[in-house]
Amino acid sequence: MREIDLHGHRHDDVRQNLESDIIMEYNNGNFPIRIITGNSLIMKKIVHSAVDKQKFKSKEEFHNSGAIIVYE
């Protein structure tokens, strides 16, 4: 499974770039993908917002609360 690791990225940078990164992975046939957020609640909200805007689905990974799975 492809991953997008957001560790070390600024919230503003993620807000600006994540939607296009998700769309690129989708267009390249790489779904589902795992987005690594760490424990940051703000980063998780940013990810869920970007996913919702693109009408994809997401869920926190069962055994790793610092990762979100994005799928169709």
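Residues numbered from 1 in each chain as written. Predicted model: local features only at pLDDT ≥ 70, side-chain atom pairs only at ≥ 80, totals over all residues. Heavy atoms only, no water.

A. Quick peek at the overall build of the protein chain. Secondary structure assignment for the protein chain yields two helices and four strands. Of the regular secondary structure in the protein chain, the N- to C-terminal order runs β-α-β-α-β-β. For the protein chain, whose C-alpha radius of gyration is 11 Å, the value lies close to the compact-globule estimate of 11 Å for 72 residues. Expressed along its principal axes, the backbone C-alpha trace of the protein chain runs to roughly 30 × 25 × 20 Å. Out of the 72 residues belonging to the protein chain, those deemed buried represent 36%. Contacts in the protein chain between residues at least 24 apart in sequence constitute 62% of all its contacts with a sequence separation of at least 6. Total accessible area on the protein chain is roughly 4,700 Å²; 47% of this is exposed by carbon and sulfur atoms. Side chains of the protein chain give 10 positive and 11 negative charges; the mean places of these two sets differ by 5 Å. (Helix = DSSP H or I, 4+ residues; strand = E, 2+ residues; numbered from the N terminus. Rg over C-alpha atoms; globule rule 2.2 N^0.38 Å. Buried < 20%, exposed > 50% of the residue type's maximum accessible area, 1.4 Å probe, protein only. Contact = heavy atoms within 4.5 Å. Areas by Shrake-Rupley, 256 points an atom, 1.4 Å probe, with all protein chains shown as cover. Lys, Arg positive; Asp, Glu negative; His and termini not counted. Charge placed at Lys NZ, Arg CZ, Asp CG, Glu CD.)

B. Expanded view of the nonpolar core. In terms of nonpolar packing, the biggest core is built from 16 residues, with Leu-6, Leu-18, Ile-22, Ile-33, Ile-35, Val-47 and Val-70 touching the most fellow members. If you list the elements that add at least two residues to this core, you get α1 (11-27), β2 (33-36), α2 (41-53) and β4 (64-71). The leading source of residues in this core is α2, at five residues. Not counting the four nearest positions on each side in its chain, Leu-18 is found in contact with Ile-4, Ile-35, Ile-46, Val-47 and Ala-50. (Core = buried A, V, L, I, M, F, W, Y, C linked by side-chain atoms within 4.5 Å.)

C. Region of the structure containing the pairing of strand β1 (residues 2-5). Note: β1 against β2, four bridges, orientation parallel. By the bridge assignment, Arg-2 is partnered in β2 with Ile-33. Viewed along the sheet, the connection from β1 through α1 into β2 turns out right-handed. (Pairing = 2+ DSSP bridges. Right-handed = clockwise from strand over helix to strand, strands pointing away.)

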